[in-house]
Amino acid sequence: GAVVSQHPSWVICKSGTSVKIECRSLDFQATTMFWYRQFPKQSLMLMATSNEGSKATYEQGVEKDKFLINHASLTLSTLTVTSAHPEDSSFYICSAQGGWGYEQYFGPGTRLTVT
Amino acid sequence: AQSVTQPDIHITVSEGASLELRCNYSYGATPYLFWYVQSPGQGLQLLLKYFSGDTLVQGIKGFEAEFKRSQSSFNLRKPSVHWSDAAEYFCAVGALSNFGNEKLTFGTGTRLTIIP
């Protein structure tokens, strides 16, 4: 149980375009979803927290207009990287909480490469 | 604010040998503590967690961790490692954010290499 999927697992896009990444909780309802960014051989940095039906809360230093987060339902959250640039290339990981505490279930991640 | 320190960036262990990965945390209240493992290019898998009660916690894949409040530590151990244990290990502490969400703060990770 508590499976989280991400799509796509890998994407290449051209500079200036937008990319959407989906995060789904497959077998539970996720009251809260989190989006992380991970640079090579580094830790996970929390970008934003989203609750179903409300606006996402962003961590300090994360551009809200660049990283658009939508938590449309209890099983789906999306991260859209707008006007992507090469420095946005990274590994993006989502996680979900089911409302029963701190435990987060992580998706497999999406590797974004901007050329 | 809470923080997590993993002092060892990289550890190399022989297959079959014992393992201990260190984790120290800073948090003003009783912490919720986690260990996650990440294989290359993959998401994170929960190994074990401590919320309360017995300070020695058993997890999956033969791992265990001991919560020591006096030392602010939550070290991960395994008596005999297998080649498949090679991965990145992250310690995390759970806390309430300013917005009321329960979020995790991760350490910088320890990369485990297993040699034959």
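The structure this text deals with has already been given above.
Residues numbered from 1 in each chain as written. Chains lettered and ligands numbered in written order. Predicted model: local features only at pLDDT ≥ 70, side-chain atom pairs only at ≥ 80, totals over all residues. Heavy atoms only, no water.

Visitor: Can you walk me through the pairing of strand S11 (residues 110–114) of chain A in this structure?
Guide: One face of the sheet, then the other: side chains in a regular strand alternate in exactly this way. All names here are of chain A. Every second residue of S11 is oriented toward a common face, the buried set being Thr110, Leu112 and Val114 and the non-buried set Arg111 and Thr113. Bridge analysis of strand S2 (residues 10–13) against S11 gives four bridges, and the strand direction is parallel. Of the residues in S11, the one forming a bridge with valine 11 is leucine 112. One ladder, built from three bridges, connects strand S9 (residues 90–97) with S11; its direction is antiparallel. Across the sheet, the residue bridging to serine 90 is leucine 112, located in S11. (Buried < 20%, exposed > 50% of the residue type's maximum accessible area, 1.4 Å probe, protein only. Helix = DSSP H or I, 4+ residues; strand = E, 2+ residues; numbered from the N terminus. Pairing = 2+ DSSP bridges.)

Visitor: Is there a simple way to think about the interface of chain B and chain A in this case?
Guide: Size of an interface: often given as the accessible area lost when the parts come together. Tallying the contact residues gives 23 residues for chain B and 22 residues for chain A. For the interface between chain B and chain A, the tally reads one salt bridge. Put simply, chain B and chain A have five residue pairs in polar contact (both at pLDDT 80 or more) between them. Elements with a minimum of two residues in the side of chain B that touches chain A: strand S5 (32–38), strand S6 (44–50), strand S10 (87–96) and strand S11 (102–106) of chain B. A breakdown of the residues in the side of chain B that touches chain A according to their chemical character gives 12 nonpolar, eight polar and three charged. (Contact = heavy atoms within 4.5 Å. Salt bridge = Lys/Arg side-chain N within 4 Å of Asp/Glu carboxyl O. Polar contact = N/O pair within 3.5 Å; in protein donor to acceptor, adjacent residues only side chain to side chain. Nonpolar A, V, L, I, M, F, W, Y, C, P; charged D, E, K, R; others polar.)

Visitor: Sorry, what's going on with the sheet that holds strand S1 (residues 4–7) of chain A here?
Guide: Paired through their backbone hydrogen bonds, the strands of a sheet run either parallel or antiparallel. Residue and element names in this part refer to chain A. The strand order across the open sheet formed by four strands is S1-S3-S8-S7, and the pairing between neighbours is antiparallel. Strand pairing shows two members of the sheet lacking a second neighbour, S1 and strand S7 (67–73), which therefore form its edges. The average angle at which neighbouring strand axes cross in this sheet is 15°, direction not considered. Sheet analysis places S1 next to strand S3 (residues 19–25), joined by four bridges and oriented antiparallel. Bridge pairing links valine 4 to serine 25 in S3. (Axes fitted to C-alpha atoms, helices over the stretch in contact; angles between N-to-C directions.)

Visitor: Is there a simple way to explain the state of the cysteines in this structure?
Guide: Simply put, disulfide is the name for a covalent bond between the sulfur atoms of two cysteines. Taken as a whole and assessed by the stated rule, the structure comprises two disulfides over all chains. Shown here is the disulfide that connects cysteine 23 of chain B with cysteine 91 of chain B, its sulfur atoms set 1.9 Å apart. Disulfide cysteine 23 of chain B-cysteine 91 of chain B: torsion about the S-S bond near -65°, hence left-handed. Of this pair, cysteine 23 of chain B sits in the loop between strand S3 (19–21) and strand S4 (24–26) while cysteine 91 of chain B sits in strand S10, placing them 68 residues apart in sequence. Accessibility expressed as a relative area gives 0% for cysteine 23 of chain B, which makes it buried. Here cysteine 13 of chain A is not disulfide-linked; the sulfur of cysteine 94 of chain A is the nearest cysteine sulfur, at 18 Å. (Disulfide = S-S within 2.5 Å.)

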